[in-house]
Amino acid sequence: MTIREDWVYTEECLLSVADSMGHLMARIRPHISSSFVNGPGWQNLLERACEVPVTMAAFPFGLEVPLHDPEPRADFGVSLVGDSRTARYFQDRGRAQGAGQSAKSLAWLLDETDRKTSLLRRVVGGKMLLEYDIDIADNGVRPDPGIFLYPVDDVLAGGTQRLPELGAVYDALIFAGGWNPNVTERRQLERLYETVPPNTLIRAVGTFPSRKRAIRVAVTGFRKAADVVKFLNDAGWPGNPSAVGDTVSFFEERKAYAYLGIHFDITADGVGPVLGLSFFAQENEWLKDIRYWTPVIDAMVERGLALPEKLAELSKRSTGSTTLFTESGPIMLVRGIHHIKFSIAGDQVGAVKGYVFFLMMSTRPKGGAAPE
């Protein structure tokens, strides 16, 4: 079977497992640490997850866990892959009478990336990520999800200067945000792209329609502290690049990571004051073995960059695989850590988050048909 056939089959199997992603999350609760999310945070997460179909679990989904905050809360992220049963759900919802701006935008993005002649499809393929902010004090106002697009391969690698391709991503996100194009903002994004060094690339571009207007850009592939410092200076980051370099050097000396990512918020005024610094433990981002993450976690404990009890729980309860026995037959549940990110303003590390992913996979019996 091809990967696509595996996805299709898993989506079909999941239909009889739960009514929504919220119900599925409740069902896999034993595999989600209560130290990560519990109480009102858990209930509000389940309610938001009930808004999306269970078939999304056929693709990576996960939790954004604050490791610096004792409050058991987490934001929720799901992958949306085009030309799938899940994608058709969002396309139908966006075309329905009375659909809101967010639903219409997602339907348009999926339609556009389905078109084989679309420039956007050639740049980002058919995958996007939806990120749902989960508010502990849920006051009934539920913000639209953040939308992130992922340029494929090295299409936006440093030194390539593919401005039309970058422009296609910008235009799509501006439409998704419900905003008008801004020539100055677009030029600021282009200026950042022009500073991206060789051997690195723009890996993700996104926006949060319900937050203050900004385009978030992730540049990945950095290996050395000196390269990070040079890039921050070239990009015009208004913080303290040398302080970021000191933090990176600490982890570099301990050989704690394979490569790094830098995240910026871009506005018409330029690069925002807060950056994200992400650590990836191996070239492969989907790691279900904690041993790859032990050097990063140990260095964080040594540096005092997060709560020790949450880091201990991250080591014990965030990786591995198990088999769930469901009405559709056995389904494998894989858990792992995708990356760990620090938020840095000026010269201070603030929020520290672990991005824990889940993936469910069904295997079609030989000669068997899809479940009814």
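Basis of the calculations
Residues numbered from 1 in each chain as written. Predicted model: local features only at pLDDT ≥ 70, side-chain atom pairs only at ≥ 80, totals over all residues. Heavy atoms only, no water. Helix = DSSP H or I, 4+ residues; strand = E, 2+ residues; numbered from the N terminus. Rg over C-alpha atoms; globule rule 2.2 N^0.38 Å. Buried < 20%, exposed > 50% of the residue type's maximum accessible area, 1.4 Å probe, protein only. Contact = heavy atoms within 4.5 Å. Lys, Arg positive; Asp, Glu negative; His and termini not counted. Charge placed at Lys NZ, Arg CZ, Asp CG, Glu CD. Pairing = 2+ DSSP bridges. Phe/Tyr/Trp six-rings, centres within 6.5 Å; stacked < 30°, edge-to-face > 60°. Core = buried A, V, L, I, M, F, W, Y, C linked by side-chain atoms within 4.5 Å. Polar contact = N/O pair within 3.5 Å; in protein donor to acceptor, adjacent residues only side chain to side chain. Salt bridge = Lys/Arg side-chain N within 4 Å of Asp/Glu carboxyl O. Axes fitted to C-alpha atoms, helices over the stretch in contact; angles between N-to-C directions. Parallel < 35°, antiparallel > 145°, perpendicular 65-115°, else oblique. Nonpolar A, V, L, I, M, F, W, Y, C, P; charged D, E, K, R; others polar.

(A) Molecular detail of the overall build of the protein. Across its full length, the protein holds 12 helices and 12 strands. Against the compact-globule benchmark of 21 Å for 372 residues, the protein has a radius of gyration of 20 Å, which places it among compact chains. Counting only residues that meet the buried cut, the protein has 53% of its 372 residues in that class. Of all intrachain contacts in the protein linking residues separated by at least 6 positions in sequence, the fraction that spans at least 24 positions is 69%. Positive and negative charge centroids in the protein, built from 41 and 45 side chains respectively, lie 2 Å apart.

(B) Focus on the pairing of strand β5 (residues 201–207). In terms of burial, β5 is a largely internal element, 6 of the 7 residues being buried. Relative to strand β6 (residues 215–222), β5 runs antiparallel, the two being bridged by 5 bridges. Each residue of the ladder has a partner; that of L201, found in β6, is T220.

(C) Here's a closer look at the packing of aromatic side chains. For the structure on display, the rule yields 15 aromatic pairs. Judged by centre distance (5.1 Å) and plane angle (70 degrees), the ring pair of W7 and F59 falls under edge-to-face. Of this pair, W7 sits in helix α1 (residues 3–14) while F59 sits in the loop between α3 (39–49) and β1 (61–66), placing them 52 residues apart in sequence. Between W286 and F357, the ring centres sit 5.0 Å apart and the planes meet at 90 degrees, which makes this aromatic pair edge-to-face. Placement of the pair is W286 in the loop between β9 (274–280) and α11 (294–303) and F357 in strand β12 (residues 348–362), with a sequence separation of 71 residues.

(D) Structural detail: the nonpolar core. Within the largest apolar cluster, 107 residues are counted, with the highest numbers of intra-cluster contacts made by M25, F76, F251 and F264. With 7 residues, helix α7 (residues 163–177) is the single largest residue contributor to this core. Leave out the neighbours within four places in its chain, and F264 touches L192, I215, R216, V217, F231, L232, A235, W237, V271 and L275.

(E) Expanded view of the environment of D265. Inspection of the secondary structure assignment puts D265 in strand β7 (residues 259–267). Looking at D265, the relative accessible area reads 23%, which means it is partly exposed. Aside from chain neighbours lying at most four places away, what touches D265 is A214, I215, R216, G270, V271 and G272. Separated by 2.8 Å, the side chains of D265 and R216 make a polar contact.

(F) Region of the structure containing the side chain of E131. When you line up the elements, E131 lands in strand β3 (residues 127–132). In this structure, E131 is buried with no salt-bridge partner, the nearest side chain bearing the opposite charge being R211 at 4.4 Å. Excluding residues that lie within four positions of it along the chain, E131 makes contacts with E64, F76, G77, P145, G146, F148, F208 and R211.

(G) Representation of the packing of α11 against helix α12 (residues 308–317) in the model. Closest axis-to-axis distance for the α11/α12 pair is 10 Å, and the angle between their directions is 170 degrees. One element, α11, and the other, α12, form an angle in the roughly antiparallel class. Seen from α11, the contacting residues are I297, M300 and V301; seen from α12, they are L311, L314 and S315. Class assignment for the residues of the contact of α11 with α12 results in 5 nonpolar, 1 polar and no charged.

(H) The arrangement of the environment of Q43 in detail. Position of Q43 relative to the elements: it lies in helix α3. The class of Q43 is partly exposed, set by a relative accessible area of 44%. In sequence terms Q43 and L232 are 189 residues apart; their C-alpha atoms lie 40 Å from each other.

(I) Up close: the side chain of S328. Looking at where S328 falls in the secondary structure, it is placed in the loop between β10 (320–326) and β11 (329–345). In terms of polar contacts, S328 uses its side chain to reach the backbone carbonyl oxygen of C13, at 2.6 Å. Setting aside anything within four residues of it in sequence, one finds S328 in contact with C13, S16 and V17.

(J) Focus on the pattern of salt bridges. Summed over all chains, the structure comprises 25 salt bridges. Ionic pairing is found between R211 and D133, a salt bridge with its closest N-O pair at 2.9 Å. Taken together, the positions of R211 in the loop between β5 and β6 and D133 in the loop between β3 and β4 (146–149) put the pair 78 residues apart, joining distant regions of the chain. The exposure class assigned to D133 is partly exposed, which follows from its relative accessible area of 23%. R216 is paired through a salt bridge with D265; the nearest N and O atoms lie 2.8 Å apart. Highlighted residues: R216 in strand β6 and D265 in strand β7, separated in sequence by 49 residues. Taking the relative accessible area as the measure of exposure, R216 reaches 22% and is therefore partly exposed. Through salt bridges that share partners, D171, R186, R187, E190 and E194 make up one connected network.

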